[in-house]
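Okay, here's what each chain looks like letter by letter:
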Amino acid sequence: MDVPGPSLSGREKHHLETSDASSLFLLKGELYRKIDEQRRKTATATVKAPNRKSILRISKEEEKKLAEEKRQREARIRELEKSIAHDEEQRKRVQKILEEKSEIYSRLSRGEAVLSGDNEPVEFLVDFNAKKRDQDEQRLNDAEKAKNEENDAVHFNPSEEQRVYGVSHVPLPVIESKRQEQIQELLELSKKTEVNRAKRKHLLEEREKKKWEQLNRIRKRKGLEELPAWNSEGDNETNFLDIPLPDQLPKAETVQPEPKKFTPVREWDRGKVLYDRWITKQRDERDDEFAPPSSYFR
């Protein structure tokens with residue numbers, strides 16, 4: 001018996017592998033993507049291209065916003081320009097001051113005098129010549145000491161004694177030149193004191209003279225004898241006894257004291273009166289050290 005072979009006319013069945021199925025899905029996805037892309041191109045082609053003028057056109061709100069931004073930008077620019085100008089002016093002023101100070105310091109270093117507009121020497125807070133002046137004073141003091149050692153005059157030196165002097169004591173230097181200068185200053189101060197004292201005395205005399213004249217005017221208005229003229233060198237005393245006193249007041253009538261009324265003592269109060277007197281007497285005789293505080297009797 002023959003075994004039948006495979007039929008050539010029948011359709012062969014194909015089995016899809018996993019790799020073939022994934023490739024098929026990729027092809028299908030690519031097909032859909034191409035179709036969608038073609039549709040978008042067709043839709044874009046049908047839309048009319050906008051006019052170029054509509055692209056440059058802006059709304060009123062945008063115009064206001066741009067104008068406000070422009071105004072603020074210009075304001076900031078002006079403020080920056082003012083600040084820069086102020087800083088530049090400040091820098092120039094500081095530079096000028098520094099240059100003037102440098103010039104003054106150079107002149108002082110060379111020993112030149114700096115004068116003001118009134119041709120008066122300018123006084124500085126910093127003494128640039130303090131060291132040179134101290135050296136000159138030291139040399140002068142040494143020379144004076146050497147000269148005083150050769151001089152026979154002996155002066156009192158208050159620093160050599162440990163004692164307390166009065167307020168009127170003026171310590172004089174031992175160096176003869178400085179001693180004479182200080183004595184001369186004291187004499188000038190004494191003369192100034194005498195002049196001021198004389199001025200004050202004259203002022204007081206003028207004041208008293210005005211009072212004297214005013215008193216004479218009052219006496220003349222009252223019909224009284226005027227006082228003698230003011231004498232600046234004499235004794236001007238006022239006699240107030242001749243000034244009339246106001247009329248004496250009438251004497252008050254003497255009033256007779258009323259007789260004291262008799263108050264009868266009640267029967268139950270007789271012992272109390274004596275007891276109160278005894279208490280008062282004991283308090284008077286008691287030492288103050290043993291007395292109660294004053295607040296007790298309030």
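Residues numbered from 1 in each chain as written. Predicted model: local features only at pLDDT ≥ 70, side-chain atom pairs only at ≥ 80, totals over all residues. Heavy atoms only, no water.

Give me the lowdown on the overall build of the protein, citing residues and values where you can.
Helix and strand counts for the protein stand at 6 helices and 0 strands. Listing each helix as α and each strand as β along the protein from the N terminus yields α-α-α-α-α-α. Expressed as a percentage of the 298 residues in the protein, the buried residues total 4%. Long-range contacts, defined as pairs at least 24 residues apart, comprise 19% of the intrachain contacts of the protein with a sequence gap of at least 6. Of the accessible surface of the protein, which amounts to about 29,900 Å², a share of 54% is contributed by carbon and sulfur atoms. (Helix = DSSP H or I, 4+ residues; strand = E, 2+ residues; numbered from the N terminus. Buried < 20%, exposed > 50% of the residue type's maximum accessible area, 1.4 Å probe, protein only. Contact = heavy atoms within 4.5 Å. Areas by Shrake-Rupley, 256 points an atom, 1.4 Å probe, with all protein chains shown as cover.)

Describe the UniProt feature "coiled-coil region" (unreviewed entry) in the protein, listing the residues and the values that go with them.
Per the UniProt record, the feature "coiled-coil region" (unreviewed entry) sits at residues 59-97. Across residues 59-97 one finds 97% helix and 0% strand; the C-alpha atoms that close the span lie 57 Å apart. (UniProt positions renumbered as here; feature names shortened; annotations may be inferred.)

Quick rundown of the pattern of salt bridges? Include the residues and the values.
For the coordinates displayed, the defined rule picks out 6 salt bridges. One salt bridge connects Arg 33 with Glu 30, and the closest N-O pair in it is separated by 2.2 Å. In this pair, Arg 33 and Glu 30 both sit in helix H1 (residues 18-46), 3 residues apart, roughly one turn of the helix. Since its relative accessible area comes to 42%, Arg 33 is described here as partly exposed. The exposure class assigned to Glu 30 is partly exposed, which follows from its relative accessible area of 34%. (Salt bridge = Lys/Arg side-chain N within 4 Å of Asp/Glu carboxyl O.)

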